[in-house]
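Here is how the chains run, residue by residue.
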Amino acid sequence: MANGVLSFPLTSFHADGSLDPDGFRAHVADRIATAPGAVFPACGTGEFFSLDEDEYRQVVTIAVEEAGGRVPVVAGIGYGWAQAARFARIAEEAGADALLVLPHYLVAAPQDGLVAQLEQIAARTRLPLIAYQRGQVAFGVEAFRRVSEIPGVIGLKDGHSDLDRLQRLTLAAPEGFLFFNGAATAEIQARAYATVGVPAYSSAVHAFAPEIANAFFTALRDGDDGAVDKLLHEFYVPLVELRDRVPGYAVSLVKAAARLRGAPVGPVRAPLTDPSDADLAELKKLLTTGLDLVGAAL
């Protein structure tokens with residue numbers, strides 16, 4: 001998965017909020033055509049929290065069909081372990097290759113509970129699990145050691161960006177354990193994560209501008225600091241500043257940018273809201289700038 005951008009496709013909805021399977025099929029097919037390292041349907045960017053079980057089954061099934069074995073399909077699961085296990089069974093039946101365990105719902109929990117959550121899920125699926133620490137989920141070194149020993153747990157996605165803690169976890173990990181940079185707009189911190197042994201990262205930008213995401217990935221891989229700095233300064237940092245204006249824009253802006261490029265992804269579902277007209281105009285200008293930097297067009 002470190003050989004390409006990790007793609008997190010958007011879930012397509014009609015204007016009335018209902019699932020648009022055909023729109024999603026077209027969108028995910030376009031993402032897979034750009035050769036990502038893996039595709040992660042029904043995760044945070046894919047509004048997992050807004051999908052019922054039937055919709056989830058459709059989304060994962062379509063992603064598996066479109067991937068056709070060319071790239072791994074890692075489906076999101078979440079909530080408490082009982083509900084997560086239900087989604088895991090659906091993803092397994094749909095043909096997913098692995099599961100990303102999103103942070104559980106609402107409650108804070110001690111380290112023993114975080115470990116037990118993964119133990120309970122792992123006992124109920126044959127699919128490999130990637131834990132995701134973000135929000136109220138943060139593993140200490142001892143808890144992480146226990147997590148890494150759970151049969152079926154193969155990796156950790158980190159969204160805290162605490163590089164001191166993350167370095168300790170990578171040093172405590174068994175050989176072959178996978179780590180992923182899951183920071184919001186992960187490109188901003190990609191170089192820093194790589195210094196502690198975590199080069200693989202997720203890219204929300206890939207959902208609307210794979211040309212930019214892939215150009216950044218290539219520049220970072222090749223050590224082209226000038227290209228990396230230019231993309232960060234002129235595109236990624238302004239995008240983060242716009243994203244941070246309104247709660248939920250981490251998804252809403254991505255979906256709006258995809259619509260600006262003609263992708264059939266539709267609106268976000270409540271409680272998220274689509275960007276204001278003013279923010280949408282700023283997004284369009286920024287997107288045009290980013291595409292110009294990599295020789296692409298809106």
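Refer to the structure above for everything that follows.
Residues numbered from 1 in each chain as written. Predicted model: local features only at pLDDT ≥ 70, side-chain atom pairs only at ≥ 80, totals over all residues. Heavy atoms only, no water.

Concerning the sheet that holds strand S3 (residues 74-77)
Strand order in this open sheet of 5 strands is S3-S4-S5-S6-S7, and the pairing throughout is parallel. Strands with a single pairing partner mark the edges of an open sheet, and in this sheet they are S3 and strand S7 (178-181). Recorded for the sheet is a direction-independent mean angle of 25° between the axes of neighbouring strands. When strand S6 (residues 153-158) meets S7, the two strands line up parallel, connected through 4 bridges. Residue pairing across strands places Gly 155 opposite Leu 178, the latter belonging to S7. Sitting on the sheet, helix H4 (residues 111-122) touches S3, strand S4 (98-101) and strand S5 (129-133), and the angle it makes with S5 is about 155°. (Pairing = 2+ DSSP bridges. Helix = DSSP H or I, 4+ residues; strand = E, 2+ residues; numbered from the N terminus. Axes fitted to C-alpha atoms, helices over the stretch in contact; angles between N-to-C directions. Contact = heavy atoms within 4.5 Å.)

Topic: unusual backbone geometry
In this chain, Ala 270 is followed by Pro 271 through a cis amide linkage whose omega measures 15°. Mapped onto the fold, Pro 271 is located in the loop between helix H10 (249-260) and helix H11 (277-293). Even without a glycine there, the phi angle at Tyr 79 is positive, about 75°. The class for Tyr 79 is partly exposed, based on a relative accessible area of 24%. The backbone of Thr 185 sits at a positive phi, close to 50°, despite the residue not being glycine. Looking at the secondary structure, you find Thr 185 in the loop between S7 and helix H7 (190-195). (Buried < 20%, exposed > 50% of the residue type's maximum accessible area, 1.4 Å probe, protein only.)

Section: the side chain of Ser 203
Along the chain, Ser 203 turns up in strand S8 (residues 202-203). Leaving out residues up to four positions away in the same chain, Ser 203 has contacts with Val 5, Leu 6, Phe 8, Glu 187 and Ala 213.

Quick look at the environment of Gly 69
Turning to its location among the elements, Gly 69 is positioned in the loop between helix H2 (53-67) and S3. By relative accessible area, which is 74% here, Gly 69 ends up exposed. Along the backbone, Gly 69 and Asp 97 are 28 residues apart, and their C-alpha atoms lie at a distance of 9.3 Å.

Here we look at the pattern of salt bridges
Evaluation of the coordinates by the stated rule reveals 20 salt bridges. Here Glu 47 ties to Lys 255 by a salt bridge, and the two come within 2.7 Å at their closest N and O atoms. On the criterion of sequence distance, the pair formed by Glu 47 in the loop between strand S2 (38-39) and H2 and Lys 255 in helix H10 is long-range, its members being 208 residues apart. For Glu 47, a relative accessible area of 0% gives the class buried. You can call Lys 255 buried: its relative accessible area is 0%. The salt bridge partner of Arg 126 is Glu 92, with a shortest N-O separation of 2.5 Å. (Salt bridge = Lys/Arg side-chain N within 4 Å of Asp/Glu carboxyl O.)

A word on the sheet that holds S8
Hydrogen bonds between backbone atoms are what pair the strands of a sheet, whose relative direction is either parallel or antiparallel. Taken in spatial order, the 3 strands of this open sheet run S2-S1-S8, and their pairing is parallel. Strand pairing shows two members of the sheet lacking a second neighbour, S2 and S8, which therefore form its edges. Here 2 bridges tie strand S1 (residues 6-7) to S2, and the two strands are oriented parallel to one another. Note on S2: the bridge partner recorded for Leu 6 is Ala 38.

Some thoughts on the packing of H10 against H11
At a minimum axis distance of 10 Å, the contact between H10 and H11 shows a crossing angle of 65°. The crossing of H10 and H11 is right-handed. Contacts between H10 and H11 pair Tyr 249, Leu 253, Ala 256, Ala 257 and Leu 260 from the former with Asp 279, Leu 280, Leu 283, Lys 284 and Leu 287 from the latter. (Left-handed = near helix turned anticlockwise from the far one by under 90°.)

Quick look at the environment of Leu 100
The residue Leu 100 is located in strand S4 in this model. In contact with Leu 100, other than residues within four places in its own chain, are Phe 8, Phe 40, Cys 43, Val 74, Ala 75, Gly 76, Ile 77, Ile 130, Ala 131, Tyr 132 and Lys 157.

What about the packing of aromatic side chains?
The final tally for this structure, using the stated rule, is 13 aromatic pairs. Relative to Phe 177, the ring of Phe 144 lies with its centre 5.3 Å away and its plane at 85°, an arrangement referred to as edge-to-face. Placement of the pair is Phe 144 in helix H5 (residues 141-148) and Phe 177 in the loop between helix H6 (163-172) and S7, with a sequence separation of 33 residues. The exposure classification of Phe 144 matches that of Phe 177, with both residues buried. Clustering of aromatic rings is evident, with ring pairs tying together Tyr 201, Phe 216, Phe 217, Phe 235 and Tyr 236. Above the ring of Tyr 132, the side-chain terminus of Lys 157 is found at 4.4 Å from the ring centroid. (Phe/Tyr/Trp six-rings, centres within 6.5 Å; stacked < 30°, edge-to-face > 60°. Lys NZ or Arg CZ within 6 Å of the ring centre and 35° of its normal.)

What is shown is where atoms sit, not what they do.
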